[in-house]
Amino acid sequence: MKLIAISGSLRRESFNTRLTRALAARAPDGVDVDCATLHGIPLYDGDLEDEQGVPESVEALRDRIDAADGLILSTPEYNGTMPGVFKNALDWLTRPPEKMAPTFSGKPAALCGATPGGLGTTLAQAGSLVMLRQFKVALFPEHLRVSGAGDTLGADGPDDKTAKQIDRWLKGFVEFVGDR
Ligand code: FNR
């Protein structure tokens with residue numbers, strides 16, 4: 001089984017990118033997790049789309065999503081929502097409109113996120129549900145929320161408690177994808 005985990009942060013030391021790497025490192029046997037970031041994706045601009053089409057960087061990400069059996073979105077939380085950088089990339093992936101369904105409709109998808117704060121990106125994940133409903137993904141009902149990431153998600157990997165939390169959640173998502 002192949003999964004893709006997209007980090008919604010461009011930051012080099014991003015906790016969300018660390019989370020995608022932890023998912024890849026801890027994936028069960030037979031599961032490969034492709035870790036993606038959003039570097040190189042321009043701001044959505046309808047004029048740019050009319051003149052040049054959907055950027056190559058977006059199509060390259062779409063190809064990686066197409067190649068995966070399941071999609072994981074690891075979102076930071078900015079002011080209670082998904083950061084604009086992440087929303088922007090997802091908006092591009094719904095263009096042109098006829099590409100939206102082949103990219104997302106029925107795709108097993110899961111939300112996770114990490115924050116140094118105490119609520120584990122709860123608000124950002126909850127706020128993303130409206131968008132994911134529009135996308136018609138098959139949404140895994142469990143959310144992975146990593147709090148206190150400054151202490152729990154180091155550059156060398158998660159602490160024991162967080163590792164267990166990640167393992168439980170990932171096992172559940174792998175089963176969810178396998179059932180579809
Ligand atoms: C934040 N941060 C933040 N954290 C949180 O838990 N809830 C929030 O509403 C916000 N709001 C917020 C707004 C803005 C503009 C910034 C820059 C940051 C802190 C945020 O969780 C922290 O910077 C993380 O480290 C961002 O994720 P990455 O880059 O580490 O993946």
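Remember, predicted model here, so these are calculated numbers, not experimental data.

Enquirer: A description of the packing of aromatic side chains should follow, citing residues and the corresponding values.
Expert: Within this structure, the stated rule accounts for seven aromatic pairs. Seen in terms of ring centroids, phenylalanine 140 and phenylalanine 176 are 5.3 Å apart; in terms of plane orientation they differ by 55°. Their pairing is tilted. Taken together, the residues span a long stretch of sequence, with phenylalanine 140 in the loop between β5 (138-139) and β6 (144-146) and phenylalanine 176 in helix α9 (residues 160-178) at a distance of 36 residues. Here the aromatic rings of phenylalanine 173 and phenylalanine 176 are separated by 6.2 Å at their centres, their planes lie at 25°, and the arrangement is stacked. A residue pair is termed a helical-turn pair when its members lie 3 or 4 positions apart in one helix, as phenylalanine 173 and phenylalanine 176 do in helix α9 at three residues. Members of the aromatic cluster, joined through ring pairs, are Phe140, Trp169, Phe173 and Phe176. Across from the ring centre of phenylalanine 15, 5.5 Å away, lies the NZ or CZ of arginine 11, which sits over that ring.

Enquirer: Can you explain the site of the ligand? Please cite residues and give values.
Expert: If you check the shell around the ligand, you find Ser9, Arg11, Ser14, Phe15, Asn16, Pro76, Glu77, Tyr78, Asn79, Gly80, Thr115 and Pro116 and nothing else. At 2.7 Å, a side-chain N or O of serine 9 approaches an oxygen atom of the ligand. Within the contact set of the ligand, an oxygen atom lies 2.8 Å away from a side-chain nitrogen or oxygen of arginine 11. Bound to the protein, the ligand loses 68% of the 620 Å² it would expose on its own. Of the residues in the shell around the ligand, the class split is four nonpolar, six polar and two charged.

Enquirer: Lay out the pairing of strand β2 (residues 32-36) with the relevant residues and their values.
Expert: As paired strands, strand β1 (residues 2-7) and β2 are joined by five bridges and run parallel to one another. Bridging across to β2, isoleucine 4 finds its partner in aspartate 34. Regarding topology, helix α1 (residues 15-25) serves as the crossover connection from β1 to the parallel β2, and that connection is right-handed.

Enquirer: Could you give me a rundown of the side chain of glutamine 125, with the residues and numbers involved?
Expert: Along the chain, glutamine 125 falls in helix α6 (residues 122-127). Looking at glutamine 125, the relative accessible area reads 0%, which means it is buried. Looking at glutamine 125, its side chain comes within polar contact range of the main-chain oxygen of leucine 144, at 3.0 Å. Ignoring any residue separated from it by four or fewer positions in sequence, one finds glutamine 125 in contact with Thr75, Leu111, Cys112, Gly113, Gly120, His143, Leu144 and Arg145.

Enquirer: Can you tell me about helix α4 (residues 84-93), naming the residues and giving the values?
Expert: Three or four residues apart is the spacing at which side chains of an α-helix point the same way, because the helix has 3.6 residues per turn. The set of residues buried in α4 consists of Phe86, Asn88, Ala89, Leu90, Trp92 and Leu93. Check the buried side of α4 and you find it contacts β1, α2 (46-52), α3 (56-66), β3 (70-74), α5 (100-104) and α7 (129-135).

Enquirer: An account of the pairing of β3 is requested, with residue identities and associated values reported.
Expert: When you tally the buried positions in β3, you get five out of five residues, the bulk of the element. The two faces of β3 match: Gly70, Ile72 and Ser74 on one face and Leu71 and Leu73 on the other face are all buried. Two strands pair when backbone bridges link them, and β1 and β3 are joined in this way by five bridges, in the parallel orientation. Note on β3: the bridge partner recorded for serine 7 is serine 74. In the sheet, β3 pairs with strand β4 (residues 108-114) via four bridges, with the strands oriented parallel. Pairing of leucine 73 across the sheet is with leucine 111, part of β4.

What counts, and where the lines are drawn
- Residues numbered from 1 in each chain as written.
- Predicted model: local features only at pLDDT ≥ 70, side-chain atom pairs only at ≥ 80, totals over all residues.
- Heavy atoms only, no water.
- Phe/Tyr/Trp six-rings, centres within 6.5 Å; stacked < 30°, edge-to-face > 60°.
- Helix = DSSP H or I, 4+ residues; strand = E, 2+ residues; numbered from the N terminus.
- Lys NZ or Arg CZ within 6 Å of the ring centre and 35° of its normal.
- Near = heavy atom within 4 Å.
- Polar contact = N/O pair within 3.5 Å; in protein donor to acceptor, adjacent residues only side chain to side chain.
- Areas by Shrake-Rupley, 256 points an atom, 1.4 Å probe, with all protein chains shown as cover.
- Nonpolar A, V, L, I, M, F, W, Y, C, P; charged D, E, K, R; others polar.
- Pairing = 2+ DSSP bridges.
- Right-handed = clockwise from strand over helix to strand, strands pointing away.
- Buried < 20%, exposed > 50% of the residue type's maximum accessible area, 1.4 Å probe, protein only.
- Contact = heavy atoms within 4.5 Å.

Function cannot be read off these values alone, since they describe shape.
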